[in-house]
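Listed below are the residues making up each chain.
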Amino acid sequence: MDQDGYFGKSVAATYDESSAEMFEPDVVNEVVDVLAELAGHGRALELGIGTGRIALPLSRRGIPVHGIDMSRAMVARLGAKPGGDAIGVTIGDFATATVDGQFSLAYLVFNTIMNLTSQQAQVDCFRNVAAHLEPGGRFLIEVMVPELRLLPPGQDVVPFHTSATRWGFDTYDVATQSMSSNYVEVSGGRGSYRSIPFRYVWPAELDLMAQLAGLRLHERWDGWNRRPFTSESRQHVSVWEKPIG
């Protein structure tokens with residue numbers, strides 16, 4: 001792993017294309033509508049800002065956005081896009097990196113909380129966010145519900161993509177809540193393999209992390225459409241609030 005973590009130049013070069021469905025206008029607009037409403041007239045802090053999928057359109061709504069990201073390569077892609085020069089970015093670990101000023105909204109989308117691969121780092125992230133929020137400010141996370149129901153007894157691998165040239169699969173360790181997403185690709189007769197580690201986290205566990213940081217749950221939805229979160233939900237969008245006074 002280089003200084004950019006698991007999102008170095010080779011990943012950054014094709015990131016937008018490899019996640020093309022997440023860049024579709026309908027997908028992005030639904031996210032930005034919610035974030036703009038929560039930010040109100042304040043500033044927004046994006047943890048894991050990446051190539052600006054969300055930050056750029058949110059900035060175009062008139063919301064001042066600042067980002068934190070470890071990957072200089074991803075941030076360079078952001079800076080090269082129209083409007084990218086208007087978004088400040090702090091290079092560092094979003095669990096501990098600090099930014100001047102306070103924010104009305106901080107957010108982590110697209111499962112990015114799981115890039116912190118220990119419980120302690122995830123707890124540190126909540127505390128770091130709480131320190132950056134103004135009273136009444138909100139912290140939003142979009143993340144999957146761990147898909148352990150897909151694991152029959154004795155199995156620890158779940159495939160999520162198969163084709164003639166590409167294979168993707170997740171591995172789970174239920175004892176440590178560690179997992180990894182693994183990618184195999186064959187191109188021009190040559191194969192490549194990439195693995196990214198994660199730590200999956202349960203909604204109730206996130207609520208306890210929030211409590212330790214002095215935040216309280218405000219809302220939890222099945223997704224950006226704000227449908228109710230249920231036992232059948234495969235993901236959730238959760239919002240915690242920093243109390244006033």
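To keep things clear, this report deals only with the structure shown in the data block. This structure is a prediction, so every number in the text was calculated from the model and none was measured. (Residues numbered from 1 in each chain as written. Predicted model: local features only at pLDDT ≥ 70, side-chain atom pairs only at ≥ 80, totals over all residues. Heavy atoms only, no water.)

**Observations concerning the overall build of the chain**
Argument step 1. The secondary structure content of the chain amounts to six helices and 11 strands.
Argument step 2. Taking 2.2 N^0.38 as the reference for a compact globule, 245 residues should give roughly 18 Å; the C-alpha atoms of the chain span a radius of gyration of 18 Å, in line with that estimate.
Argument step 3. With respect to the principal axes defined by its C-alpha atoms, the chain has extents near 60 × 45 × 35 Å.
Argument step 4. Going through the 245 residues of the chain one by one, you find that 48% of them count as buried.
Argument step 5. Excluding contacts between residues fewer than 6 apart, the proportion of contacts in the chain whose partners are at least 24 apart in sequence is 59%. (Helix = DSSP H or I, 4+ residues; strand = E, 2+ residues; numbered from the N terminus. Rg over C-alpha atoms; globule rule 2.2 N^0.38 Å. Buried < 20%, exposed > 50% of the residue type's maximum accessible area, 1.4 Å probe, protein only. Contact = heavy atoms within 4.5 Å.)

**Observations regarding helix 2 (residues 25-39)**
Argument step 1. If you check helix 2, its first and last C-alpha atoms are 20 Å apart, about what 15 residues at 1.5 Å a residue would give, namely 21 Å.
Argument step 2. Turning to helix 2, the residues buried within the fold contact helix 3 (55-60), strand 4 (103-108), strand 5 (133-144), strand 10 (216-221) and strand 11 (235-241).
Argument step 3. At the exit of helix 2 stands glycine 40, carrying a positive phi of roughly 60 degrees. (Expected span 1.5 Å × (residues − 1).)

**Here we look at the pattern of salt bridges**
Argument step 1. Throughout the structure, instances matching the rule amount to nine salt bridges.
Argument step 2. Where lysine 81 meets aspartate 16, a salt bridge forms, and the shortest distance between an N and an O atom there is 2.7 Å. Of this pair, lysine 81 sits in the loop between helix 4 (72-79) and strand 3 (88-91) while aspartate 16 sits in helix 1 (residues 9-18), and the two are 65 residues apart along the sequence.
Argument step 3. Aspartate 16 gets classed as buried once you look at its relative accessible area, which sits at 15%.
Argument step 4. The partner of arginine 61 in a salt bridge is aspartate 33, with the nearest N and O atoms 2.7 Å apart. A residue pair is termed long-range when its members are at least 10 positions apart, and arginine 61 in the loop between helix 3 and strand 2 (65-69) and aspartate 33 in helix 2 qualify at 28 residues.
Argument step 5. Accessibility expressed as a relative area gives 41% for aspartate 33, which makes it partly exposed.
Argument step 6. A network of salt bridges, in which partner residues are shared, links Arg138, Arg216 and Glu241. (Salt bridge = Lys/Arg side-chain N within 4 Å of Asp/Glu carboxyl O.)

**Some points on the environment of tyrosine 183**
Argument step 1. Residue position: tyrosine 183 is located in strand 8 (residues 178-187).
Argument step 2. Once the C-alpha coordinates of tyrosine 183 and isoleucine 141 are considered, the two residues, 42 residues apart in sequence, prove to be 25 Å apart.
Argument step 3. Leaving out residues up to four positions away in the same chain, tyrosine 183 has contacts with Phe160, Trp167, Ser192, Tyr193, Arg194 and Ile196.

**As for the packing of helix 1 against helix 4**
Argument step 1. Their axes nearest at 8 Å, the elements helix 1 and helix 4 cross at an angle of 45 degrees. Taken together, the axes of helix 1 and helix 4 lie oblique to each other. Handedness of the crossing formed by helix 1 with helix 4: right-handed. Counted together, Lys9, Ala12, Ala13, Tyr15 and Glu17 of helix 1 and Ala73, Met74 and Arg77 of helix 4 form the full contact between these two elements.
Argument step 2. Across the contact of helix 1 with helix 4, the residue classes break down as five nonpolar, no polar and three charged. (Axes fitted to C-alpha atoms, helices over the stretch in contact; angles between N-to-C directions. Parallel < 35°, antiparallel > 145°, perpendicular 65-115°, else oblique. Left-handed = near helix turned anticlockwise from the far one by under 90°. Nonpolar A, V, L, I, M, F, W, Y, C, P; charged D, E, K, R; others polar.)

**Comments concerning the environment of glycine 79**
Argument step 1. Inspection of the secondary structure puts glycine 79 in helix 4.
Argument step 2. The partly exposed category is assigned to glycine 79, whose relative accessible area is 42%.
Argument step 3. Along the backbone, glycine 79 and threonine 51 are 28 residues apart, and their C-alpha atoms lie at a distance of 8.0 Å.
Argument step 4. Not counting residues up to four positions away in its chain, the partners in contact with glycine 79 are Gly84 and Asp85.

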